[in-house]
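These are the residues of each chain, in order.
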Amino acid sequence: DLRDRLSPIERQLAIANYYSTNEFDPDAVIAAYKAVLEVDSTERTALNNLALSYIQLGRWEDAEALARRGTIVDKSWFPYGHLATALASQGRYAEADSALRELDRIVPGQPRGMEMQAQVRSAQGDYAGADSILQALLKSRTEPVYQQLATADRINVAVTQGRLAQAEGWAAAGLAEARQRGDEQRAYGYAWWMAGIDHEVRPRPKRDLSAVEAVLR
C-alpha cells in the first residue's frame, strides 16, 4: 500500500490535499495540517496552508497566529501575504502594511506583495496611493498575469471613484492587447470586467454581455 511507504508528515499532507481538492472537508483539512505540526512545528506547507484554511473560514485571529509562525521559517510571499490578509480583515491596516513592507525588504518588488499593498491602501481610501503602487507594478513586471492583476485592481479603484470612462478605457485596451496576442482567457477576463461595469454601475441590459459574447463567438 502506497500509504505505508509515506512518512507520517507525507501521509497527513496527502490527506489534507485530498480533502482540499477531491472531497472538500475543511475540518479534515485543518485536522491533517495540525497533525503535521504536531510532528514538525516548523513544517512550511502545513503552516502556510493551515493559515490559508483559517482565512477561507474567516477565522482571522487563528490565521494571524499561524502566519506569524510561518514568517519565522519561510521568507516567501505566502506567510506574509496571509498575515497581511488576516490583519487587514480585522481592520488593522497599519500592521498589515508593516507586514508587507517587511516582505518588500526581504524580497524587493515581490509582485503579489505590491498588489496587496495597493489593496490595503484602497481599503483605507487612499486611492491615489493604491494607483501609484499599481502603476509601479505595471512598469516593473511585464508578465501577462501581473499586468492583468494590476490592471484589474486599477479598474476597481477607478470604478470606486466613479471614473468609469477611464476604467472602461483600461479594460478595452487590455482586451485589444489580449486579442492581438491570441490570449482568449485574458480577453475573456477584460471583457467580463467591461460587462461588470455596465451591469453593476450603470445597468444597460442590452449591452451588458455584448463584449463577453463577442469573445465567445
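Residues numbered from 1 in each chain as written. Predicted model: local features only at pLDDT ≥ 70, side-chain atom pairs only at ≥ 80, totals over all residues. Heavy atoms only, no water.

Attention shifts here to empty space enclosed by the protein. According to the stated counting rule, one finds 1 cavity of 30 Å³ or more in the structure shown. A volume near 40 Å³ is recorded for the largest cavity. Lining the largest cavity are Leu 100, Leu 103, Asp 104, Val 107, Gln 110, Gly 113, Met 114 and Gln 117. Here the residues of the lining of the largest cavity sort into 4 nonpolar, 3 polar and 1 charged. (1 Å grid on protein atoms, 1.4 Å probe; cavity = no way out; pocket = protein on both sides within 12 Å on 5 of 7 lines; lining within 4 Å. Points joined across faces, edges and corners; volume = space filled by probe spheres on them. Nonpolar A, V, L, I, M, F, W, Y, C, P; charged D, E, K, R; others polar.)

Attention shifts here to the layout of surface pockets. Roughly 160 Å³ of volume is contained in the second largest pocket. Surrounding the second largest pocket, Ser 20, Phe 24, Pro 26, Val 29, Ile 30, Tyr 33, Asn 49, Leu 52, Ser 53, Gln 56 and Leu 57 form its lining. Elements that contribute at least two residues to the lining of the second largest pocket include exactly helix H2 (26-39) and helix H3 (44-56). Its residues assigned to classes, the lining of the second largest pocket comprises 7 nonpolar, 4 polar and no charged. (Helix = DSSP H or I, 4+ residues; strand = E, 2+ residues; numbered from the N terminus.)

Okay, the pattern of salt bridges next. Throughout the structure, instances matching the rule amount to 13 salt bridges. A salt bridge links Glu 95 to Arg 68; the shortest N-O distance between them is 3.8 Å. Linking Glu 95 in helix H6 (residues 93-106) with Arg 68 in helix H4 (residues 60-73), this pair joins segments that are 27 residues apart in sequence. Judged by relative accessible area, which is 36%, Arg 68 ranks as partly exposed. Asp 126 is paired through a salt bridge with Arg 121; the nearest N and O atoms lie 4.0 Å apart. Counted as one network, the salt bridges with shared partners bring together Glu 64, Arg 68, Arg 92 and Glu 95. (Salt bridge = Lys/Arg side-chain N within 4 Å of Asp/Glu carboxyl O. Buried < 20%, exposed > 50% of the residue type's maximum accessible area, 1.4 Å probe, protein only.)

This paragraph deals with the environment of Leu 100. By the secondary structure assignment, Leu 100 is in helix H6. Those residues in contact with Leu 100 that lie beyond four places of it in its chain are Trp 77, Tyr 80, Ala 84, Gly 113, Met 116, Gln 117 and Val 120. (Contact = heavy atoms within 4.5 Å.)

Before going further, it helps to examine the nonpolar core. Counting residues in each nonpolar core, the largest one holds 30 residues, and the members touching the most others are Leu 50 and Leu 66. Where this core is concerned, the elements lending two or more residues are helix H1 (8-21), H2, H3, H4, helix H5 (77-89), H6 and helix H7 (111-123). Ranked by residue count, the leading element in this core is H5, at 7 residues. Those residues in contact with Leu 50 that lie beyond four places of it in its chain are Ile 30, Tyr 33, Lys 34, Leu 37 and Leu 66. Ala 158, Ala 187, Tyr 190 and Ile 197 belong to the second largest nonpolar core, which has 12 residues in total. (Core = buried A, V, L, I, M, F, W, Y, C linked by side-chain atoms within 4.5 Å.)

Here we take up the packing of aromatic side chains. What characterises a pair of aromatic rings is the spacing of the ring centres plus the angle enclosed by the ring planes. Counted by the stated rule, this structure contains 3 aromatic pairs. Between the aromatic rings of Tyr 188 and Trp 192, the centroid separation amounts to 6.0 Å while the plane-to-plane angle is 25°, which identifies the pairing as stacked. Residue Tyr 188 and its partner Trp 192 are both found in helix H11 (residues 184-201); the two are separated by 4 residues, about one turn of the helix. A relative accessible area of 34% means that Tyr 188 is categorised as partly exposed. Looking at Trp 192, the relative accessible area reads 46%, which means it is partly exposed. Between the aromatic rings of Tyr 190 and Trp 193, the centroid separation amounts to 5.3 Å while the plane-to-plane angle is 75°, which identifies the pairing as edge-to-face. Pair noted here: Tyr 190 and Trp 193 are both in helix H11, with a separation of 3 residues, about one helical turn. The exposure class assigned to Trp 193 is partly exposed, which follows from its relative accessible area of 26%. If you follow Arg 154 out to its NZ or CZ, it ends over the ring of Trp 170, 4.0 Å from the centre. (Phe/Tyr/Trp six-rings, centres within 6.5 Å; stacked < 30°, edge-to-face > 60°. Lys NZ or Arg CZ within 6 Å of the ring centre and 35° of its normal.)

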